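# Structural characterization, general
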Amino acid sequence: MRSLWAVEKIIFAYIAFTVLLMVCFWDKQVNIAQMLVMRLEMVLIILAMWMLYCWRPCKLTRLLRVTALMLTLSWFYPDTYEVNRVLPNLDHLFAGWEQQLFGCQPSLLFSQVCPWGWFSELMCLGYVSYFPLMVTILLFYFFKRYEEFGMASFVLITSFFIYYTIFAILPVTGPQFYYLAVGTDKIAAGIFPNLTDYFLTHSERMAAPGWSDGFWYHMLDITHDAGERPTAAFPSSHVGVTTVIMLLAAHTRNKTLFFTMLPFFVLMCFSTVYIYAHYAIDAIAGLLTGSVIYVVLRYRAKKNGTPLSS
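Attention here is on the structure that accompanies the text. Here the structure is a predicted model, which is why all the values come from computation and not from measurement.

To continue, consider the side chain of Gln105. Residue placement: Gln105 occurs in the loop between helix H4 (91-102) and helix H5 (106-113). Classification of Gln105 as buried rests on a relative accessible area of 3%. There is a polar contact of 2.9 Å between the side chain of Gln105 and the backbone oxygen of Ala95. Those residues in contact with Gln105 that sit more than four places away from it in its chain are Ala95, Glu98, Gln99, Tyr179, Ile187, Phe192 and Tyr279.

Gaps left between atoms show up when a probe the size of a water molecule is rolled over them. Tallied over the full model, the rule gives two cavities of 30 Å³ or more. A volume near 60 Å³ is recorded for the largest cavity. In this structure, the largest cavity is lined by Asn84, Arg85, Leu87, Asn89, Pro171, Val172, Thr173, Thr196, Asp197, Phe199, Leu200 and Pro230. Across the lining of the largest cavity, the residue classes break down as six nonpolar, four polar and two charged.

Okay, a nonpolar patch on the surface next. A cluster of nonpolar side chains, Leu101, Phe102, Ile284, Leu287 and Leu288, forms an exposed patch at the surface whose accessible area comes to about 460 Å². Of note, Leu101 is situated in helix H4.

Its boundaries defined by the atoms lining it, the largest pocket holds a volume of some 380 Å³. Along the walls of the largest pocket sit 19 residues, with Tyr77, Phe131, Thr223, Gly227 and His238 positioned nearest its centre. Broken down by secondary-structure element, the contributors of at least two residues to the lining of the largest pocket are helix H3 (59-84), helix H6 (117-128), helix H7 (130-144), helix H8 (149-169), helix H11 (215-227) and helix H12 (237-252). Among the elements that take part in the lining of the largest pocket, H11 stands out by supplying five residues, more than any other. Of the residues that constitute the lining of the largest pocket, the class distribution is 12 nonpolar, six polar and one charged.

Along its 25 residues, helix H14 (residues 280-304) runs 36 Å from first to last C-alpha, staying within 8% of the 36 Å computed at 1.5 Å per residue. Of the residues making up H14, those classed as buried are Ala280, Ile281, Asp282, Ala283, Ala285, Gly286, Gly290, Ile293, Tyr294, Leu297, Arg298 and Ala301. Those residues of H14 that are buried are in contact with H4, H5, H8, H12 and helix H13 (255-274).

Turning to unusual backbone geometry, a few remarks are in order. For the bond running from Phe234 to Pro235, omega is -15°, close enough to zero to count as cis. Along the polypeptide, Pro235 turns up in the loop between H11 and H12. Unusually for a residue other than glycine, Thr196 sits at a positive phi of about 45°. Its place among the elements puts Thr196 in the loop between helix H10 (184-188) and H11. The exposure class of Thr196 is partly exposed, given its relative accessible area of 40%. Positive phi values are uncommon outside glycine, yet Tyr276 reaches one of about 75°. By secondary structure assignment, the location of Tyr276 is in the loop between H13 and H14.

On to the nonpolar core. Phe76, Ile137, Leu156, Phe160, Phe161, Tyr164 and Leu248 are the most contacted members of the largest nonpolar core, which totals 69 residues. Sorting elements by how many residues they give to this core places H8 first, with 12 residues. Filtering out sequence-adjacent residues up to four positions away, Phe160 remains in contact with Leu73, Tyr130, Met134 and Val241. By size, the runner-up hydrophobic cluster in this structure holds 17 residues, among which are Ala95, Phe177, Tyr179 and Ile187.

Looking now at the environment of Thr158. Relative to the elements of secondary structure, Thr158 occurs in helix H8. Sequence separation of Thr158 and Val239 is 81 residues, and the distance between their C-alpha atoms is 15 Å. Ignoring sequence-local partners within four residues, the contact set of Thr158 consists of Val7, Ile10 and Leu297.

Okay, the packing of H13 against H14 next. Between H13 and H14, whose axes approach to 7 Å, the crossing angle comes to 145°. As H13 packs across H14, the resulting crossing turns out to be right-handed. Where H13 approaches H14, its residues Phe265, Cys269, Thr272 and Val273 are matched on the opposing element by Ala280, Ala283 and Leu287. Here the contact of H13 with H14 is composed, by residue class, of six nonpolar, one polar and no charged.

Next up on the list: H5. An α-helical turn contains 3.6 residues, so a residue and the one three or four places further along point in the same direction. Taken as a whole, H5 has its buried residues at Pro106, Ser107, Leu108, Phe110 and Ser111. Considering only its buried residues, H5 is in contact with H4, H6, helix H9 (175-182), H10, H13 and H14.

The rules we used
- Residues numbered from 1 in each chain as written.
- Predicted model: local features only at pLDDT ≥ 70, side-chain atom pairs only at ≥ 80, totals over all residues.
- Heavy atoms only, no water.
- Helix = DSSP H or I, 4+ residues; strand = E, 2+ residues; numbered from the N terminus.
- Buried < 20%, exposed > 50% of the residue type's maximum accessible area, 1.4 Å probe, protein only.
- Polar contact = N/O pair within 3.5 Å; in protein donor to acceptor, adjacent residues only side chain to side chain.
- Contact = heavy atoms within 4.5 Å.
- 1 Å grid on protein atoms, 1.4 Å probe; cavity = no way out; pocket = protein on both sides within 12 Å on 5 of 7 lines; lining within 4 Å.
- Points joined across faces, edges and corners; volume = space filled by probe spheres on them.
- Nonpolar A, V, L, I, M, F, W, Y, C, P; charged D, E, K, R; others polar.
- Patch = residues over 30% accessible without salt bridge, like charges linked within 9 Å, V, L, I, M, F, W, Y side chains within 5 Å.
- Areas by Shrake-Rupley, 256 points an atom, 1.4 Å probe, with all protein chains shown as cover.
- Salt bridge = Lys/Arg side-chain N within 4 Å of Asp/Glu carboxyl O.
- Expected span 1.5 Å × (residues − 1).
- Core = buried A, V, L, I, M, F, W, Y, C linked by side-chain atoms within 4.5 Å.
- Axes fitted to C-alpha atoms, helices over the stretch in contact; angles between N-to-C directions.
- Left-handed = near helix turned anticlockwise from the far one by under 90°.

Written as structure tokens, this is what we have:
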């Protein structure tokens, strides 16, 4: 009870790993002081919640401790851009593989094939359902499956940091940044230039396609403005984490929960491509990696019995 949870150790390991990367590329880092301060703040928050739980161990302080870990995710996601922006951009390779696999750029054509306002709103709704789905699954386990709340929290939070580790060393920005930098005319013609270190100093993105006056379109804009950076395209963590969430929902064997969340999962898989956030291969990779991550982490949780404190 008084030891750090496994997931907290994983977060500390991620912090150490990214600091090592920062040291390796010290002369190229742009916001080095801010990045180090942020990491110190994350460590202090985690330790503070650990001490609170040790002082008063109960369901409430356990929930607060998990909530604090979940809140760190919103800080670490855009930070992957600060870490990997010093590396050569790889979008030209992924856009090329996309072209070879599909004979076109699905992200560029999707909104043209489906230009209707109602369809745009469905796609935007699917994308912004990301965080509500996380909250829903954790609260369901807390109130309805408390004996497995630790497992669900461990699997969900750890899956994020697995993706963050990939993003830190794989600088792929996705269509909304790469298409804008290159120009959609060249993209449509199958020309995918190597931008090398372009995104070291550029973070402009394309506006999402669709009905710009729609409510869910505006909600999408708010979420993008708050945390979107030219990073984290491959694999799609939105699809990957949502896959983990759906498998956690299936594990509960609660049909109401599963089938209530299922439409949002389907929308998520398509919306990431529709709004230019990801290449189609990113979404496919998200499905595959999310499934593998869930199986591996569930196996570890089952093997160790109490995954948060092992």
